[in-house]
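# What the coordinates show
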Amino acid sequence: QTVVTQEPSLSVSPGGTVTLTCGLRSASVSSSFYPSWYQQTPGQAPRTLIYNTNSRSSGVPDRFSGSILGNRAALTITGAQADDESDYYCLLYTASGSGIYVLGGGTKLTVL
Amino acid sequence: EVQLLESGGRLVQPGGSLRLSCVVSGFRFSGYAMSWVRQAPGQGLEWVASVDDDGAVTYYVDSVKGRFTISRDNSKNTVFLQMSSLRAEDTAVYYCAKDRRVAPLYYFEFWGQGTLVTVSS
């Protein structure tokens, strides 16, 4: 069973920079997992931020960026704003036979 | 403007069945895969199922295999999730999403607002 790991919670100061990461228990995350990132505020549907590791979805500010850092996918928020306080989820595509997606457990980001 | 509108969620007893629908507008529905993703109360997102653009190929998370069926009607721009043998742990908000299931993409481009399924006696 594929398990995707994320930091349960992180905090950042307004104007600061924070990096959220996304890993696998049994392997390294590379671009071949096509990592994508989603933002969700309570009671709302998810919003797509990043796809294919580092491509921003339409309308997403450039303070959001994606990358691979070591053996994990990463979402970096530069110049954090109050309304960035949300839950963030990463999604990995596992083509190993079953063509399934696996979502991480999410990171709750606090801006304070 | 892209819109995905889910419906069909309600209270259902354990062991019961339910069919969710998602009507899509704003893009060429028949050209894209579609997926369902759920979120149990207070929990994270979980991918449930996907169907390719013509309905020929489907994919499921292990926990729903044999109980849920994803399908689509391209003439009605609608994707369905037929759920049977429902369990309490299936209680969740169910979102449909436009699935860019093609290299080098593989992500959910747009999301609906969700429909709540509650499984309880």
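Placed above this text is the structure.
On a predicted model such as this, the values are computed, not experimentally measured, just so you know. (Residues numbered from 1 in each chain as written. Chains lettered and ligands numbered in written order. Predicted model: local features only at pLDDT ≥ 70, side-chain atom pairs only at ≥ 80, totals over all residues. Heavy atoms only, no water.)

### Considerations on the state of the cysteines
All names here are of chain A. As a reminder of what qualifies: Defined by distance alone, a disulfide is two cysteine sulfur atoms within 2.5 Å. Only DSSP runs of H or I reaching four residues or more are called helices, and only runs of E reaching two or more are called strands; each is numbered from the N terminus.
Within the structure shown, the criterion is met by 2 disulfides over all chains. Disulfide partner of Cys22: Cys90, at an S-S distance of 2.0 Å. The chirality of the disulfide connecting Cys22 with Cys90 is right-handed, given an S-S dihedral of about 70 degrees. Of the two residues, Cys22 sits in strand E3 (residues 17-24) while Cys90 sits in strand E9 (residues 86-94), which places them 68 residues apart along the sequence.

### Overview of the pattern of salt bridges
All names here are of chain B. Keep this limit in mind: Any carboxyl oxygen of Asp or Glu within 4 Å of a side-chain nitrogen of Lys or Arg constitutes a salt bridge here.
Using the criterion set out here, one finds 9 salt bridges over all chains in the structure. Note that Lys98 is salt-bridged to Glu109, the shortest N-O span being 2.9 Å. Here Lys98, found in strand E9 (residues 92-99), pairs with Glu109, found in strand E10 (residues 108-111); they are 11 residues apart in sequence, far enough to count as distant. Residues participating in the shared-partner salt-bridge network are Arg38, Glu46, Arg67 and Asp90.

### Concerning the sheet that holds E3(A)
Residue and element names in this part refer to chain A. How we decide: Pairing between two strands requires that DSSP report at least two bridges joining them. Every axis in this analysis is a line fitted to C-alpha atoms, fitted for helices over the stretch in contact. Angles between the N-to-C directions lie between 0 and 180 degrees.
On the basis of which strands lie adjacent, the open sheet formed by 4 strands has the order E1-E3-E8-E7 and antiparallel pairing. If you trace the sheet from one side to the other, it starts and ends with strand E1 (4-6) and strand E7 (64-69), each paired once. Mean inter-strand twist for the sheet, computed between neighbouring axes without regard to direction, equals 25 degrees. Bridge count between E3 and strand E8 (residues 72-78): 6 bridges; the pairing is antiparallel. Across the sheet, Val18 pairs through a bridge with Ile77, a residue of E8.

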